Amino acid sequence: MAAHSVESLHALRKLIAEPPALMQKRLQPQIDAHCLTILQNASVCALGFIDPALDIEYFNLRADPLVYAKGERIVLVWPAHKTLPVALEQASVLACSLYFIMPGIGFALRANGRAAVRQRAAGLYLEFCADALFLHCSRAKVRAQFWEARAERLAPACTEDVSALSDEALAFIADSPFVLMLTHNNQGATEISPRGDPDGFVHALDRHTLLIPERPGNKVACTLSNVLASGALTLSCLIPGSRYGLSVSGRAWLTSSRELLEPLAINGKVPVVATVLEVTRVRFQYCPELLAAGLWQADTHLCASAIPSFPKMLGEHMSGTGLLGKATTLVVDAVVKHDLKHLY
């Protein structure tokens with residue numbers, strides 16, 4: 001392990017303080033009314049499985065709407081045009097995480113659990129059973145200016161798996177402002193978490209090593225804890241407006257090296273920790289679902305007033321709709337306003 005590596009949760013907590021006790025209530029085992037609102041309004045779902053051979057996939061929920069959502073169960077159509085990976089054909093159930101994106105809305109729904117692909121008379125369906133559902137704030141998308149489409153890119157010359165970052169891959173990373181990080185803990189439970197910043201925030205140290213800065217967040221540090229536990233990481237790098245993504249996977253570790261962290265500073269704020277990814281597999285993905293779902297078409301974007309605010313949703317998700325929920329909503333509202341004014 002390299003110098004200045006962060007090798008334990010105790011060492012990580014010296015860099016990132018423990019989260020507020022209230023955050024323990026963010027995980028809920030069943031779909032509530034606010035989860036359902038997000039599910040019904042989402043236009044894209046990102047899916048990540050524990051198998052390291054699998055990329056994060058994207059489903060267009062405008063073309064194939066949500067089939068079922070109640071209790072801990074979510075059922076989605078497996079798109080007819082999307083090849084079913086061999087790993088999913090062979091596995092009865094795999095640990096899986098979902099990330100639901102609403103068009104034009106920064107916050108999202110994350111769900112962790114298990115999933116299987118089942119054959120029904122009408123086709124293939126993904127049947128997901130949640131262990132935990134929670135609402136995720138908008139900071140990653142705000143930092144990335146996610147809703148602003150960049151110029152469309154030419155199709156990559158190579159879409160096969162390779163073991164190092166090509167010139168095309170490096171150029172894509174240099175233009176990407178948003179990534180999803182898929183990790184799992186040592187019990188095999190997966191997590192998808194977004195990261196966003198100005199274009200090119202993920203730094204390539206060489207053709208085999210990437211550096212992902214950790215900005216201020218909710219202090220729960222699930223992704224970082226998972227990296228400590230298992231070392232497994234898959235990135236899905238996106239460029240708003242592009243129909244291509246870049247999947248990069250390998251072994252990860254954490255660093256607090258000032259020498260590595262200083263070039264990652266924004267507005268004079270140097271991150272206290274970053275994830276180092278030692279690349280073992282790289283593949284360009286064709287993701288027409290992202291454009292077909294209208295993520296970057298203004299006329300598909302939801303009006304913020306069409307759904308409850310994030311503070312209301314999260315407050316009631318954690319504490320119910322009574323007086324405690326109202327009090328929690330006020331606390332969340334103040335925290336969100338502070339956080340959006342202090343992104344770094």
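Summarised in this report is the structure supplied together with it. (Residues numbered from 1 in each chain as written. Predicted model: local features only at pLDDT ≥ 70, side-chain atom pairs only at ≥ 80, totals over all residues. Heavy atoms only, no water.)

## A word on the overall build of the chain
Turning to step 1, where the next piece is worked out: The secondary structure content of the chain amounts to 10 helices and 15 strands.
Turning to step 2, where the next piece is worked out: Taking 2.2 N^0.38 as the reference for a compact globule, 344 residues should give roughly 20 Å; the C-alpha atoms of the chain span a radius of gyration of 19 Å, in line with that estimate.
Turning to step 3, where the next piece is worked out: Taking the principal axes of the C-alpha coordinates as reference, the chain spans close to 50 × 45 × 40 Å.
Turning to step 4, where the next piece is worked out: Here the chain holds 344 residues, and the buried ones make up 53% of them.
Turning to step 5, where the next piece is worked out: Carbon and sulfur atoms make up 55% of the accessible area of the chain, which totals about 14,800 Å².
Turning to step 6, where the next piece is worked out: Here the chain holds 31 positive side-chain charges and 31 negative ones, and the gap between their average locations is 8 Å. (Helix = DSSP H or I, 4+ residues; strand = E, 2+ residues; numbered from the N terminus. Rg over C-alpha atoms; globule rule 2.2 N^0.38 Å. Buried < 20%, exposed > 50% of the residue type's maximum accessible area, 1.4 Å probe, protein only. Areas by Shrake-Rupley, 256 points an atom, 1.4 Å probe, with all protein chains shown as cover. Lys, Arg positive; Asp, Glu negative; His and termini not counted. Charge placed at Lys NZ, Arg CZ, Asp CG, Glu CD.)

## Examining the sheet that holds strand S4 (residues 68–70)
Turning to step 1, where the next piece is worked out: Overall, antiparallel pairing links the seven strands, which are arranged S3-S2-S6-S7-S8-S5-S4 in an open sheet. One side of each edge strand has no neighbouring strand; the edge strands of this open sheet are strand S3 (57–60) and S4. On average, adjacent strands in this sheet sit at an angle of 30° to one another, irrespective of strand direction.
Turning to step 2, where the next piece is worked out: Here strand S2 (residues 44–49) pairs with S3 via four bridges, running antiparallel. Considered in S3, the bridge of Leu47 is made with Glu57.
Turning to step 3, where the next piece is worked out: Here helix H2 (residues 33–41) sits on the sheet in contact with S4, strand S5 (73–77), strand S6 (94–101), strand S7 (108–120) and strand S8 (123–136), set at roughly 65° to S7. (Pairing = 2+ DSSP bridges. Axes fitted to C-alpha atoms, helices over the stretch in contact; angles between N-to-C directions. Contact = heavy atoms within 4.5 Å.)

## Brief notes about the side chain of Asn112
Turning to step 1, where the next piece is worked out: Mapped onto the fold, Asn112 is located in strand S7.
Turning to step 2, where the next piece is worked out: On the accessibility criterion, Asn112 (9% relative accessible area) is buried.
Turning to step 3, where the next piece is worked out: Side-chain polar atoms of Asn112 contact the side chain of Glu191, separated by 3.1 Å.
Turning to step 4, where the next piece is worked out: With near-sequence residues (within four places) excluded, Asn112 lies in contact with Cys96, Ser97, Phe128, Ala130, Asp131, Ala132, Phe134, Thr190, Glu191 and Ile192. (Polar contact = N/O pair within 3.5 Å; in protein donor to acceptor, adjacent residues only side chain to side chain.)

## Some thoughts on the packing of H2 against helix H9 (residues 310–319)
Turning to step 1, where the next piece is worked out: One way to put it is that H2 packs onto H9 with a least axis distance of 9 Å and a crossing angle of 135°. One way to sum up the angle between H2 and H9 is to call them oblique. From H2, His34, Cys35, Thr37 and Ile38 reach across to H9, where they touch Lys312, Met313, Glu316 and His317. (Parallel < 35°, antiparallel > 145°, perpendicular 65-115°, else oblique.)

## Focus on the state of the cysteines
Turning to step 1, where the next piece is worked out: Counted according to the given criterion, the structure contains zero disulfides.
Turning to step 2, where the next piece is worked out: There is no disulfide at Cys35, and the cysteine sulfur nearest it, in Cys45, is 13 Å away.
Turning to step 3, where the next piece is worked out: Residue classification places Cys35 among the buried positions, given a relative accessible area of 0%.
Turning to step 4, where the next piece is worked out: Free cysteine Cys158: the closest other cysteine sulfur is in Cys287, separated by 15 Å. (Disulfide = S-S within 2.5 Å.)

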